[in-house]
Amino acid sequence: MSEPIQPLAAQPCTLVIFGGSGDLAKRKLVPAVYNLLLDGVLPPNYAILATGRKPLSDTEFREIAREGVIKYSRQEIKDSVWANFEQRLFYVAGAIDDPKAYSDIRTRLEKIEADLKLPANRIFYLAIPPTSIAGAVEGLRKAGLVQPPAGNAPFSRLIVEKPIGNDLESARQINAAVARVFDESQIFRIDHYLGKETVQNLLVLRFANSIFEPIWNHKYIDHVQITVSEAEGVGTRATYYEEAGALRDMVQNHILQLMCLVAMEPPYSLDPDVVRNVRMDVLRCLRPIAGKDVEKYTVRAQYSVGKAHGVDVPGYRREPGIKPDSTTETYVALKLFVENWRWSGVPFYLRTGKALTKRASEIAVFFKPIPQILFNANPDAPLEANVLIMKIQPEEGLTLRVVSKVPGSKAKTHPVEMNFRYGEAFGAPSPEAYERLLLDVMAGDASLFMRRDAVEASWAWITAILDGWKTHGSKWLPEYQAGSWGPVEANRLIESDGRCWRTV
Ligand code: BG6
């Protein structure tokens with residue numbers, strides 16, 4: 001196996017989690033740090049200080065953290081490892097809007113650092129609603145908790161969770177508030193899809209193999225389909241989701257980033273900003289979908305009552321916490337174009353939704369059909385085109401569909417699949433996205449994070465669609481049955497071009 005080009009080393013530090021008594025800390029963040037420890041990649045000295053409104057003692061927080069690890073960790077809990085790990089978990093109660101909370105955090109941090117002999121390297125993780133971000137960074141500044149970046153001096157870094165805003169204007173305001181306190185080089189905006197192994201492999205696939213790049217353009221590619229399908233409904237996140245909807249929740253961030261990785265030009269190095277520049281270029285080239293075009297290029301819908309995996313699912317409007325006349329979309333499909341030389345005329349079809357048939361995310365690159373001669377001579381039964389499918393989750397791998405001869409005397413053909421599966425090839429299950437991302441922040445590597453310009457460019461593109469929906473969108477919101485593959489309108493979006501969605 002070839003080794004990476006000198007990865008940056010993770011530095012000893014304290015991870016301060018705002019929203020520390022919440023779901024993300026329990027399900028993702030603490031288990032991620034624990035797994036880094038088990039994998040032997042965590043710096044030898046570290047601590048986690050969680051903070052939240054709930055009054056919890058260190059012991060109570062450790063108990064919650066342990067439950068989280070037992071339930072959600074990729075690797076099983078080992079009592080001997082846990083005993084040491086939990087000694088490095090701390091909790092301090094405080095409200096984000098209370099200035100005293102920040103002086104309490106500071107006092108607690110200084111004590112932890114003195115006791116554990118930790119340098120004052122601090123990572124502030126904001127797992128809080130977007131409306132609280134400005135107040136939190138200001139609180140940190142006023143408490144003297146933020147040091148400007150300076151050579152080998154202890155670092156202050158900030159991790160911001162999505163959603164960064166609700167539209168372009170609010171995203172700009174949040175970014176401006178954060179920039180008043182932190183330098184861009186200290187800010188790590190998370191899009192957890194970029195931390196997924198299978199997503200990182202897109203770059204390796206494209207740029208570590210010689211066979212793909214020559215055909216990765218409009219001359220050979222007919223179209224691209226990106227599917228991020230979820231089986232779960234809205235669950236317990238009604239308040240957030242009602243205001244967000246599928247376009248903001250999934251497309252603005254995760255799916256546009258997948259697009260960027262598929263469509264970007266080769267970066268000249270793996271330097272974080274070089275890679276982020278080429279991702280950004282894709283966003284710059286997206287043809288806007290605005291005004292009346294929303295009807296032609298977008299489909300939104302909401303799930304109605306149905307059954308998923310044998311379980312009854314109420315319609316979205318009947319879910320707890322959802323307005324009975326809600327017009328929030330739980331499904332969206334889009335057709336879009338990247339207006340540059342490479343992708344001229346190649347449609348990208350995107351679709352995502354909740355309460356669909358199954359959880360499955362993939363990117364499928366459809367190559368152009370072969371000429372209608374030889375094996376493809378019969379216009380009534382054209383050969384299926386080659387498709388390269390990058391499977392993101394839950395299956396992780398790569399499939400190439402090619403046409404093969406059926407054994408026998410006749411020249412009969414049939415599509416077959418060549419498969420690569422991560423699990424089979426590498427044995428171990430892939431690390432969770434948050435593991436990789438937290439480790440990168442500890443090392444100061446921003447490659448897999450969203451830069452300010454990219455967040456604002458994708459919000460600008462999304463906001464035009466949202467505005468178009470408001471002014472030109474149909475008042476009628478199509479429905480799809482929970483447990484189905486989505487609304488018929490989404491089929492029409494692609495079928496009117498003579499193509500169809502892949503069966504995932
Ligand atoms: C989050 C969205 O960002 O991503 C959720 O807010 C969604 O609505 C989740 O369910 C999907 O993440 P994953 O990693 O489970 O595909």
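Note: the structure precedes this text.
Owing to the predicted nature of the structure, the values given are computational and were not obtained by experimental measurement.

**Topic: the sheet that holds strand S3 (residues 89-93)**
- A sheet is described by the order of its strands in space; here six strands give the open sequence S3-S2-S1-S4-S5-S6, paired in parallel fashion. One side of each edge strand has no neighbouring strand; the edge strands of this open sheet are S3 and strand S6 (187-189). Averaged over all neighbouring strand pairs, the angle between strand axes comes to 20 degrees, with direction disregarded.
- As paired elements, strand S5 (residues 156-160) and S6 share three bridges and run parallel to each other. Pairing of Ile 159 across the sheet is with Phe 188, part of S6.
- In this fold helix H1 (residues 23-38) packs onto strand S1 (13-18), strand S2 (46-52) and strand S4 (122-126), with an angle of close to 165 degrees to the strand it touches most, S1.
- Contacts between helix H12 (residues 433-443) and the sheet are confined to S1, S4, S5 and S6, with S5 contributing the most and set at about 155 degrees to the helix.

**Topic: the packing of aromatic side chains**
- Under the criterion given, the structure shown has 17 aromatic pairs.
- Taken together, a centroid distance of 5.1 Å and an interplanar angle of 45 degrees make the contact between Phe 420 and Tyr 422 tilted.
- Residue Tyr 422 is classed as buried on the basis of its relative accessible area, which comes to 8%.
- With a centroid separation of 6.2 Å and 55 degrees between ring planes, the pair formed by Tyr 422 and Phe 426 is classed as tilted. Taken together, the positions of Tyr 422 and Phe 426, both in helix H11 (residues 422-426) and four residues apart, correspond to about one turn of that helix.
- What links up through ring pairs into an aromatic cluster is the set Tyr 241, Tyr 303, Tyr 316, Tyr 331 and Tyr 480.

**Here's the deal with the site of the ligand**
- Inspection of the region around the ligand gives Lys 162, His 192, Tyr 193, Lys 196, Glu 230, Arg 237, Asp 249, Met 250, His 254, Lys 354, Arg 359 and Gln 393 as its neighbouring residues.
- A distance of 2.4 Å separates an oxygen atom of the ligand from a polar atom in the side chain of Glu 230.
- Residue Lys 354 places a side-chain N or O atom 2.8 Å away from an oxygen atom belonging to the ligand.
- In the complex, the protein chains occlude 81% of the 400 Å² of accessible area that the ligand would expose alone.
- The element best represented in the shell around the ligand is helix H8 (residues 238-263), accounting for three residues.
- Considering only residue class, the shell around the ligand consists of two nonpolar, three polar and seven charged.

**Here we look at the sheet that holds strand S11 (residues 331-337)**
- If you walk across this open sheet you meet the nine strands as S16-S15-S14-S13-S7-S12-S11-S8-S17, and the pairing is mixed. Since the sheet does not close on itself, it has two edges, and those belong to strand S16 (413-421) and strand S17 (479-481), each with one partner. Strand-to-strand twist of the sheet, defined as the mean angle between neighbouring strand axes without regard to direction, takes the value 20 degrees.
- Pairing geometry for strand S14 (residues 387-393) and strand S15 (residues 397-405), over five bridges, is antiparallel. Paired with Lys 391 across the bridge in S15 is Gly 397.

**Points about the packing of helix H5 (residues 133-142) against helix H6 (residues 168-179)**
- It is at 9 Å that the axes of H5 and H6 come closest, and there the two elements cross at 5 degrees. By the angle between their axes, H5 is roughly parallel relative to H6. Residues Ile 133, Ala 134 and Val 137 of H5 touch H6, and the partners they reach there are Ile 174, Ala 177 and Val 178.

Rules and cut-offs
Sequence order as written defines the numbering, with residues in each chain counted from 1. The predicted nature of this model means local features are confined to residues of pLDDT at least 70 and side-chain atom pairs, given and counted, to a pLDDT of 80 or more, with totals for whole chains, interfaces and linings taken over all residues. With hydrogens and water stripped out, all remaining heavy atoms of the structure feed into the side-chain values. Between any two strands, pairing holds if DSSP finds at least two bridges. In this description a helix means any DSSP run of H or I spanning at least four residues, a strand means any run of E spanning at least two, and both kinds are numbered starting from the N terminus. For helices, the fitted line uses only the C-alpha atoms of the stretch in contact; every axis is such a line through C-alpha atoms, and the angle between N-to-C directions lies from 0 to 180 degrees. Contact between two residues is taken to exist if any of their heavy atoms lie within 4.5 Å; hydrogens are not considered. The criterion for an aromatic pair is that two Phe, Tyr or Trp rings (for Trp, the six-membered ring) have centres within 6.5 Å, with stacked assigned to planes under 30 degrees apart, edge-to-face to planes over 60 apart and tilted to the rest. Residue exposure (1.4 Å probe, protein chains only): buried if accessible area is under 20% of the type maximum, exposed if over 50%, otherwise partly exposed. Throughout, the term near means that a residue has one or more heavy atoms lying within 4 Å of the molecule or strand in question. For this analysis, a polar contact is any N or O atom pair within 3.5 Å, provided that within protein one partner can donate a hydrogen and the other can accept it, and provided that sequence-adjacent residues contribute only side-chain to side-chain pairs. Using a 1.4 Å probe, the Shrake-Rupley method yields the accessible areas, and only the shown protein chains count as cover for residues. Note on residue classes: Ala, Val, Leu, Ile, Met, Phe, Trp, Tyr, Cys and Pro are nonpolar, Asp, Glu, Lys and Arg are charged, and everything else, Gly too, is polar. Should an angle lie under 35 degrees it is considered roughly parallel, over 145 roughly antiparallel, and from 65 to 115 roughly perpendicular; all remaining angles are considered oblique.

Everything listed here is a matter of geometry and, on its own, says nothing about what the molecule does.
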